[in-house]
Amino acid sequence: MSDVFPRWTNRLPGQIIFGLLLIGGVVTAGLNYYFTPKYTRVGFQPTQPVPFSHSIHVKQLGLDCRYCHDGVEKSWYSNVPAADTCMNCHSAVRADDPKLEPVRASYKDANKPVEWVQIHKLPDYVYFNHSVHVNRGVSCVECHGRIDEMDEVRHEKQFSMTFCLDCHRELMPKKYIVKMDEHGKPEKLDLIAKQYGLTASALAELNGVSITNSLEVGQKVNITSGDPNKRLRPLDKITDLAYERSKDPANKDRNFVKEWHVKTSENCSACHR
Amino acid sequence: MNDNLILTNEQKSGPRYWRSLEHKADSPELRAFVEKEFPSGVDLIDDPVSRRNFMKIMSASFALAGLGVSGCRRPEHRILPFSKMPENYVHGSPQFFATAMPSRGSAIPLVAKSYDGRPVKVEGNAEFPGSNGGTDQYAQASILSLYDPDRGLNFKLAETEGKGDKKKKSLKVIAKAKVLEQLDGLANGTTHVLMEQSSSPSRARLVAGLKAKGVNFYEYEPIDFSVHAEAADIAFGPGVKPYYKLDEAKAILSLDCDFLGTEESAFQHIRDFADGRRVKDDHKENPAESMNRLYSVEGLLTLTGTNADHRLRIPTGSVIRVAALALAEALEGIGLDGAEDGISQLRAFAADLNTDFSKSHAVEGEAKADTAKWVRQCVEDLIRLAKRGDKTLVVAGYRQPKEVHLAAMAMNELLGNVGSTLLLQKANPSGNGTIADLKLRFNDGDNLVVLGGDPAYNAPADIEWAKLAEQAGRVIRQGYYIDQTAQGADAYIPAAHYLESWGDARTSDGTLVPVQPLIAPLFGGMTELEVLARIGGTESDPYKIVRKTFDGIAGSGDAKWEKFLHDGFLADSASAVESRGYDWDATRAAWEDGAKPVKVPGKGDYEVTFYRDHSMDDGRWCNNGWLLETPNPVTRIVWDNVLLMSYQTARELLGEEVAREELDFEELNKKSGGLPGRFGFKSDAGRFYQKVYKLEVNGKELEGPIWLLPGMADNVVGVALGYGRGLGRVGGVAGFNAYRARTSSGAHFAGGAKLTKKEPSATYEVACTQEQGIMDGRPVIREGNANDFVGHKDFVDHFDLDSTHHTTHIPKKGARYSWEKDQDEDLAASPYKKPFGGESNGPGKMDEERQQWGMVIDLGTCVGCDACVVACQSENNIPIVGKHQVAIGREMSWIRIDRYFSGDEHNPQVSYQGVACQHCEDAPCESVCPVNATVHDEEGLNLMAYNRCVGTRYCSNNCPYKVRRFNYYDYNRRPFGVEDGERKPGTFFNDDNDLNNSPLHPGNKSSNGEWELVRWYKDPSRGSVPGLDDGKKENGEFDPEWDLIKLSKNPDVTVRMRGVMEKCTYCVQRIQQGKIEQKVAARDTDNVKVPDGKIKTACEQVCPADAIAFGDISDKESEVYRLKRQNRNYSVLGFLDTRPRTTYLAKLRNPNVNMPDYYEIPNSVTEYNEKNHGNVFGGATPTHGEAKGHEKEAKH
C-alpha cells in the first residue's frame, strides 16, 4: 500500500488552515473597514438638486448658521430651510439664476418641494437632540466639521456610537482607585498620570495635592482622559466654526463644565428610549 | 425620531391621506388642495399608480441602487422642506392645543399633543378651573378611534339589487356631493331627526332654527343619566340639575350610584372623592378625623362599592326599599314636623329587610346580617356629622328610578347639604323628544335622519327599530362606523372624530369649552353640526357655526375668541347656582305615584342588572383595542362581557356537586383554615373555559358564559352593555349583545329572569388577567383602620420580613433605602453591586449631583379606575395583543392594577394596587441579563436597551414583581382580524394562524406566495401586513390600516419589535424632555435642576385621584421626598432587599364602630396575622387600647 495520496497532499491540511485563516482575516478586516460608519458614512457627498455652497454663504457673506437652520436651538431637529427663507434674498439677488429654479418652483407651488438629499442621519432608535447641545456650548463643528469651508456638504465625522460616547465620557469626571504595586506600596502619582496621558503635575493639580504626596491604597483619585472643557465654548461662538478657544484669552482658562454644571450621561437612557 | 419631512421615495407615494401641518392652517388654497386630494373615494378606485405597481418599480430600483456606486451605504433619503414655513412651527417639537371630548350632556376639557399635525396623545386640561389634569380611560383611548381603520371612510348611497323578494339594499361608494344632495328638502315637518344627547350650544342653536321649520327632533341615549335632573326638577322645581361636590362631604351614602366608575364624569368624582379621603401628612393629622367615609348600597360589585368603608349588597331593584328606610330614619332623626305619616309609610314600603337580605353584609360565622341596623347606623352617622356642622352627601345612581333619587335629594335637604355638597345648577332642557316619542309620531313615508348613536343596535327591544326604519321614506345616517343602523340606511355620511372638526360643548358644570380640531378630517367626515346646517340650508362651515354661537354667548371680538381657544374654556360661563326651597309635597306625590315594591329575586327567579361597561361604554368604543384590552377594574376580564353572579348564586345554579368541582373554594378553604381560596372558577392551567348559559329576561333570550364575582347581591345577574356590536376587525366578536333583551321598562334591571344551561353544553373561553384574586397572607397591600392609626403609626413596618421583629440583617426602616443616607454602612451588606453612583459615591449612595427619580403611589386614594393603564398604552406605544394572548398571560400593559379580595366569599373586602416596574436600586433583573440589555443609569432608572436584548427572558423570570413584558410576536407590525389573506374579525395572534410568521417563513396565501423575507426586504418600513396591504380591498375600497397604525404612534418612544423585553421606563422620554428643556433654558448658567412637578409620567398625569407622585427623591423640597417619609410608606416585597424606587403609602379604611359590619382590622391584615403568626394591630384578636380610646375621645 503506497501512494494512495500524492505527496503534495501532505501539505494540504496546513494550506487549508492557512487559507482559511487568510480568508477569515481578510473578511474580518474587510468587515471592520467596509461595514463601519467610518467607511459607510464619512465622505458621503451627494449631488444636491440645488448647488448650494455653504462656503459662499457663510464664509464670504457671513451668514449665521441659524439664519437658515433656525430650529436648531429649539428642537431636536435642525431644519433645512423652507423655500421662502431662500427667497428672502434670492427674489432680488440672482433672481433669474437657472440653478435656483427648483427653489423658485417650490416657492410658487407647495407641492414641489426641493428634494435635498439627506447627508447626516442617525438611526431611528437614537434620540439625538440638537437644542441641548448648541445651547450648552457644543458647537456645530464638533459633529459636522468645517461646513463653512465646504462647497458641497460632505459627511465629515463617523457618527458611530463611539463617536458620541467619546465626548460624553470625556465630560464625566472619573475616579481612579489607587492600587498596590508589586512592592506592596501604593501606586505612584506619576504612574497613574501616565496611564491616562496626563502629566503628574496636572493630575496633582486636579486633585489639589502636591506631586510628592504619597497616595494610599484604596484612595480615590480624580482622573480625566483629556481636557473636559475642550469641547465647550462660549455660547456666542457656537456658530463660529473657525473659533479656537486656545487663542481666545478671555475664555481660554474658563472651566465651563463647572461653571455651567455640565453633566453628560453615558448611559443608554441618554439616547435610547 | 419620526421625522415626516424625511421621506423615502417609496413613502412619498404610499399613504395617500397623509396630512402635514400645513393642512391644518386653514387657508383657501389648502382647502382646495384638500378637496382635490381627498375626494370621497371615487378617484381612488381609478388611480392608475397603485401601491402594488409602485412596489414593483421600487424593488427594481432598489436592486440597482445596491450594485451602484453607493456600495454598502444606506438607502438615500430625501429631505422635503416646506415651501413657506408655517408660523410658530418648529419641526420636531410638539404643539399643544386645547380642545374637549364631548360626551352625552357633558364634555372633558383636554389638551391634545400634536406632532407635525397629527395628534398623538390627549391629556386633561389642567388649566380648567378645579381640574388636576386627570381624565378617564375613554378620553385617553379616544385617540385610537381617530386612527381606526374600520371607521366609515366614504360617503355612500344605497343601491337596490334584485327584484321582488330578493330585493336587497347595499351601500355603494359615491361622491360626497351626491350624497349631500339627499339632505336637500328635508327642512320640513315630515323629517324626524334622532340624535345623541349633547351639550353643544351650537347644536341647540341649529336645532332651534330647524324646529321653527317644523323638523322633529328626538334624543336617545341607551345609557341615560338624565334621571338626576328629572328628580331635581320634582324636588326643587323645574329648570335645575344637581351638581355634586364630593370633596367637601365627610360621609357619602351611595344608593347604587357608581360615581367612581360608570356615572357621568366619574373622573371628576374620583378627584373630589380622593381629595376628601387623602391623608396629607400622617405625622400631623389623625386620619380618623380627616378622612371621609363611604357607605355603599348596590347590587353589582362596582368600583364605588369596592372602595366603600361599608357596603350593603342589595339587589338593584330593592335598593329603593333601603332608600325608603334611610329616608324614614333621616326624617325621624332630624325630626321634620308633620312627617310621622310619611315615616310610617316609608317604613311599611321598606318592609322587613332583615328577612329578605340575610347576607347583605359581612357577619361573623353563621350570624344573620342586620340590614335595618346597618341603615339606621349609617343615617345616624350622617346626622351626627350634620349636627356637628360637617357636610355629607347622599347620591343615587342612574339605574335607580327617580323615587330613589328623590329620597336622596330629601335626605340631602334634611342634612343641610343643598347648596354645599349638592349644588342646584340652572339647566336648559333640550325639549327634544325621546325614542318612544319618535315611534309614536312617525308616519309611513316620513324621512328619518339618524345622527350618531346606533339605534338599530341599542334601541330598546320594544321600539322595534327595524320596522321603524322600513316605514321611512328615506333614512339618512351619519355615524362613525358602517354599523347596523347604517346598513339599513339609504345614505351614509361618515362622521368626523372630535379631533377632526370644529364644535363646542359644555362641561358638567356648564362651562363652555371649544372642540378644536387638530387635523383635517382624515376621510372627509362631517360632524352633526354640518349635517344639521346642510339640512337647514344655513352656513355649513363648522368653524363659522361655532364662532357665531360663541359670539352670541360671549360677545364678538377676536381677542375673546382667541383666548377661548387658547385657554380651552370660557371663564365664568358655568351654569348659575340656584337656591331653591324643597318641595316636600311634590316629592311625596311622586313617591306615592311611582314607587312600586319590587319582588325579591330568588333561586331560579333572578334579577338582571344591565350596566354601562368600563371599556365599551354603551358600545361606542366597540372597536377600540386599548379599551377592549384594559381589564375591567373589578372582574379583570378583557375582550368580553359575561353573566356575573355571586358565589351563592353560582353554587346554587351549578348544584353542590358541580360547584365543588368548578369553584375554587371548597378544597382551599379547608387547607387555609377557613379562609377562602381564589374567589372564582377553577382555571385550567391559567385559562378559563366557562360554561355557557341561556338567560331569559324581558321575554328575550341571551347567551353568555357565567362568571363568579364575589360580593354581588345574591340572585342578581349582571350583564354589561356595549358588547356584541359585531363590527370592526378588532372588536368584531367581542362579547354578546345584551341590548337584545333590554326593553324600555326593564332598561336597567328586570326581574323574573331564568338561567338555563345551554344544550348541548358549550364552553367559552374568557380571558382574565388575574387568576389569583387573593394575597394569601402576603402583605403586598398593607391596610389599616383609620381609627387605629394614631396608636399604630408604624404599622406598615410590622409586616413581613422587613418587620423589625423578624430580621437582623436588614436595618430598621430609618435606613432601608439609600435615600436615607444616615446608615449607609448597613447597606453595604447587600449582595448586589450598587448599579448607580459608581465608585465616586460609594456603595449604596446616590450620585448626588444628579436628580434621582422615584415614585410614590398612595393606595389610600387610588380607586382602581384603570385610566393610568390606558394613558400608559397611549404614551408608550404599547400594542394590543388580542384575547388569546392575554388568556395565556402575554398582555403587554406596562402598568397593571392588581385587585385583591379578602374576607368571606359573600362580602369580601377589595383592595387595588397599581404595579409597574419598581425601578429597584438592587434590581434582580439586571444581574441575570447575559447581554447587559437592562442596566441602571445615574439617575436611578432601570433601563431597557431594546437593541441589546436577545430575548432570553431571564430578567422576567427573576423579577419578583412580574412587571416585564415580552414581545412574543410582532404585535406592532401585524394587524388583527386577518387570516390566510382574508378578513376574519376576531382573529387574534395565536399559534394556528399566520400572524406569527417569521421573516423566514415561506410564502403562503396571505403573502401572495412571496417569502416574508423578500417582502421585508422590499419595504422594511411596511412590516409584514398579510395580504391586504396594497391599498385596496376586494370591493374597491381603500384600506388604510397599516398607515393608520403608524400615525397613531408616539414618535418619542421606540416601537418595539418581536423578541425583545419591555417594561415601564418611568416615561424616560418625558424625563429626558424635561431635562433638555431645563438645560436649554439654563444656557450658560448652572440652573439645570428640573423643578419638582415639571416632569410628570403619563400615569401620574392622568390619575384623577392624584394617587401617583413622581419626582426627585434627593430633592428635599419635592413631593416624593415628603411622601417617602410618611409613616405609611412601604415597599412591596421589601425583605428581598431590592430597594424599589417606587414605594406605596398604605391604604387606610375608615369604618364606623357602630355599624353591624364593623371590622376591627381589615380582612387582609387578619389573613396576614393568621398565616404568618403576625401581630399587626395586636394580632388576630386585636386589643385596641389606646388607639380606640383616642378615637372615642376624638369623636365626642
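A. Examining the overall build of chain A more closely. Helix and strand content of chain A: twelve helices and three strands. Taking 2.2 N^0.38 as the reference for a compact globule, 273 residues should give roughly 19 Å; the C-alpha atoms of chain A span a radius of gyration of 27 Å, well beyond that estimate. Dimensions of chain A along its principal axes, counting C-alpha atoms only, are 80 × 80 × 35 Å. Counting across all 273 residues of chain A, residues that qualify as buried make up 27%. For chain A, long-range pairs separated by at least 24 residues make up 70% of all intrachain contacts whose partners lie at least 6 apart in sequence.

B. Representation of the overall build of chain B. Assigned secondary structure in chain B consists of 42 helices and 43 strands. Every one of the 1196 residues in chain B was classed for burial, and the buried ones make up 57%. Contacts in chain B between residues at least 24 apart in sequence constitute 72% of all its contacts with a sequence separation of at least 6.

C. Expanded view of the domain arrangement of chain B. Considered domain by domain, chain B is made up of domain 1 (156–220 + 434–567), domain 2 (227–295 + 302–311 + 318–357 + 379–426) and domain 3 (606–768). Here the C-alpha centroids of domain 1 of chain B and domain 2 of chain B sit 38 Å apart.

D. Inspection of unusual backbone geometry at higher detail. Cis peptide bonds are those with omega within 30 degrees of zero, and the linkage from Glu-759 of chain B to Pro-760 of chain B qualifies with -15 degrees. Examined against the element boundaries, Pro-760 of chain B turns out to sit in the loop between β28 (749–757) and β29 (763–768). The phi dihedral of Arg-94 of chain A is positive, around 50 degrees, even though this residue is not glycine. Its place among the elements puts Arg-94 of chain A in the loop between α5 (83–90) and α6 (101–108). Residue Arg-94 of chain A is classed as exposed on the basis of its C-beta count, with 11 C-beta atoms lying within 10 Å. For Asp-1106 of chain B, which is not a glycine, the phi torsion comes out positive at approximately 50 degrees. If you trace the backbone, Asp-1106 of chain B turns up in the loop between α39 (1098–1102) and β40 (1108–1112).

E. Looking closely at the interface of chain B and chain A. The interface is formed by 46 residues belonging to chain B together with 51 residues belonging to chain A. The set of elements that each furnish at least two residues to the side of chain B that touches chain A consists of β2 (78–79), α31 (838–841) and α38 (1068–1082) of chain B. A per-element tally of the side of chain B that touches chain A places α38 of chain B first, with six residues. Considering only residue class, the side of chain B that touches chain A consists of 18 nonpolar, twelve polar and 16 charged. In the sheet, strand β1 (residues 116–117) of chain A pairs with β2 of chain B via two bridges, with the strands oriented antiparallel.

F. Structural detail: the nonpolar core. Counting residues in hydrophobic clusters, the biggest one holds 309 residues, and the most contacted among them are Leu-255, Val-322, Ala-323 and Ala-326 of chain B. Sorting elements by how many residues they give to this core places helix α12 (residues 319–334) of chain B first, with ten residues. In this structure, Leu-255 of chain B is in contact with Val-297, Val-319, Val-322, Ala-323, Val-394, Val-395, Ala-396, Gly-397, Gln-400, Val-404 and Ala-408 of chain B, ignoring residues within four places of it in sequence. With 14 residues, the next largest nonpolar core counts Cys-65, Val-72, Cys-140 and Val-257 of chain A among its residues.

G. Structural view of the sheet that holds strand β5 (residues 118–124) of chain B. All names here are of chain B. Spatial ordering of the open sheet is given by β3-β4-β5, a layout of three strands whose pairing is antiparallel. Across the chains shown, the open sheet's two edge strands, defined by having one partner strand only, are β3 (95–103) and β5. Across the sheet, the mean angle separating the axes of adjacent strands is 35 degrees when strand polarity is ignored.

H. Local environment of the packing of helix α16 (residues 402–414) of chain B against helix α24 (residues 584–594) of chain B. Residue and element names in this part refer to chain B. For the pair α16 and α24, interaxial distance at closest approach is 10 Å and the crossing angle is 150 degrees. It follows from the interaxial angle that α16 and α24 lie roughly antiparallel. In this structure, α16 meets α24 at a crossing whose hand is left-handed. Of α24, the residues touching α16 (which contributes Lys-402, Glu-403, Leu-406 and Ala-410) are Thr-587, Ala-590, Trp-591 and Gly-594. Split by residue class, the contact of α16 with α24 holds four nonpolar, two polar and two charged.

I. Up close: the environment of Gly-14 of chain A. Residue and element names in this part refer to chain A. For Gly-14, the position within the fold is in helix α1 (residues 12–34). When the 9 C-beta atoms within 10 Å are taken as the criterion, Gly-14 is described as exposed. The spacing of Gly-14 and Asp-148 is 134 residues in sequence and 56 Å in space, taken between C-alpha atoms.

J. Representation of the pairing of strand β17 (residues 474–479) of chain B within the structure. All names here are of chain B. Burial analysis of β17 places five of its six residues in the buried class, the great majority of the element. Here five bridges tie strand β16 (residues 447–451) to β17, and the two strands are oriented parallel to one another. In the sheet register, Val-450 faces β17, and the bridge partner there is Arg-477. With four bridges connecting them, β17 and strand β18 (residues 491–494) associate as parallel partners. Considered in β18, the bridge of Gly-479 is made with Pro-494.

K. Main features of the confidence of the model for chain B. All names here are of chain B. Per-residue confidence for chain B gives a mean pLDDT of 80, with 81% of residues at or over 70. Throughout residues 1003–1008 the model reports pLDDT below 50, and contacts reaching past four residues in sequence, or to other chains, amount to 17 contacts. Confidence drops under a pLDDT of 50 for residues 1180–1196, and excluding neighbours within four residues, the segment shows 23 contacts in the predicted structure. Predicted complex, confidence summary: ipTM 0.84, pTM 0.86.

L. Representation of the domain arrangement of chain A. Split by domain assignment, chain A resolves into domain 1 (12–40), domain 2 (54–158 + 235–251) and domain 3 (174–223). Between the C-alpha centres of domain 1 of chain A and domain 3 of chain A there is a distance of 41 Å.

M. Up close: the confidence of the model for chain A. Residues with a pLDDT of 70 or more make up 96% of chain A, whose mean pLDDT is 85. Confidence, expressed as mean pLDDT per element, reaches its minimum in chain A at strand β2 (residues 174–177) of chain A with 72 and its maximum at helix α7 (residues 130–134) of chain A with 94.

N. Expanded view of the packing of α12 of chain B against helix α13 (residues 340–350) of chain B. Residues and elements named next belong to chain B. Contact geometry for α12 and α13: axes closest at 8 Å, N-to-C directions at 150 degrees. The orientation of α12 with respect to α13, classified from their angle, is roughly antiparallel. When you trace α12 past α13, the crossing you get is left-handed. Side by side, α12 and α13 meet where Arg-321, Ala-324, Leu-325, Leu-327, Ala-328, Leu-331 and Glu-332 of the first sit next to Gly-342, Ile-343, Leu-346, Arg-347, Phe-349 and Ala-350 of the second. Within the contact of α12 with α13, the residues separate by chemical class into nine nonpolar, one polar and three charged.

O. How the structure looks around the pairing of strand β42 (residues 1142–1145) of chain B. All names here are of chain B. Covered by surrounding structure in β42 are Thr-1142 and Tyr-1144 together with Thr-1143 and Leu-1145, the residues of both alternating faces. The pairing of strand β31 (residues 853–858) with β42 spans four bridges and is classified as parallel. When the sheet's bridge partners are listed, Ile-857 is paired in β42 with Tyr-1144.

P. Here's a closer look at the sheet that holds strand β10 (residues 240–244) of chain B. Residue and element names in this part refer to chain B. Ordered by their spatial adjacency, three strands build an open sheet running β10-β15-β21, and the pairing between neighbours is antiparallel. Whereas interior strands pair on both sides, the edge strands pair on one side only; in this sheet they are β10 and β21 (577–578). Here β10 pairs with strand β15 (residues 422–426) via five bridges, running antiparallel. Directly across from Val-240, in β15, lies its bridge partner Lys-426.

Q. Quick peek at the environment of Asn-354 of chain B. All names here are of chain B. Following the sequence through the fold, Asn-354 ends up in helix α14 (residues 353–356). Given 15 C-beta atoms within 10 Å, Asn-354 falls into the partly exposed group. Sequence separation of Asn-354 and Ala-369 is 15 residues, and the distance between their C-alpha atoms is 6.8 Å. The residues contacting Asn-354, other than those within four sequence positions of it, are Lys-368, Asp-370, Thr-371 and Ala-372.

R. Looking closely at helix α22 (residues 542–554) of chain B. Residues and elements named next belong to chain B. The terminal C-alpha atoms of α22, which comprises 13 residues, lie 18 Å apart, in line with the 18 Å expected from a rise of 1.5 Å per residue. Within the sequence span of α22, burial applies to Pro-542, Ile-545, Val-546, Arg-547, Thr-549 and Phe-550. Of the surrounding elements, those touching the buried residues of α22 are α7 (201–212), β19 (503–506), α21 (528–536) and α23 (558–567). Taken from the residues just after α22, Gly-555 is the one with a positive phi, measuring 90 degrees.

Conventions we followed
Residues numbered from 1 in each chain as written. Chains lettered and ligands numbered in written order. Predicted model: local features only at pLDDT ≥ 70, side-chain atom pairs only at ≥ 80, totals over all residues. Helix = DSSP H or I, 4+ residues; strand = E, 2+ residues; numbered from the N terminus. Rg over C-alpha atoms; globule rule 2.2 N^0.38 Å. Buried ≥ 20, exposed ≤ 12 C-beta atoms within 10 Å, placed from the backbone. Contact = placed C-beta atoms within 7 Å. Domains from an automatic or database assignment. Nonpolar A, V, L, I, M, F, W, Y, C, P; charged D, E, K, R; others polar. Pairing = 2+ DSSP bridges. Core = buried A, V, L, I, M, F, W, Y, C linked by C-beta atoms within 7 Å. Axes fitted to C-alpha atoms, helices over the stretch in contact; angles between N-to-C directions. Parallel < 35°, antiparallel > 145°, perpendicular 65-115°, else oblique. Left-handed = near helix turned anticlockwise from the far one by under 90°. pLDDT = per-residue confidence, 0-100. Expected span 1.5 Å × (residues − 1).

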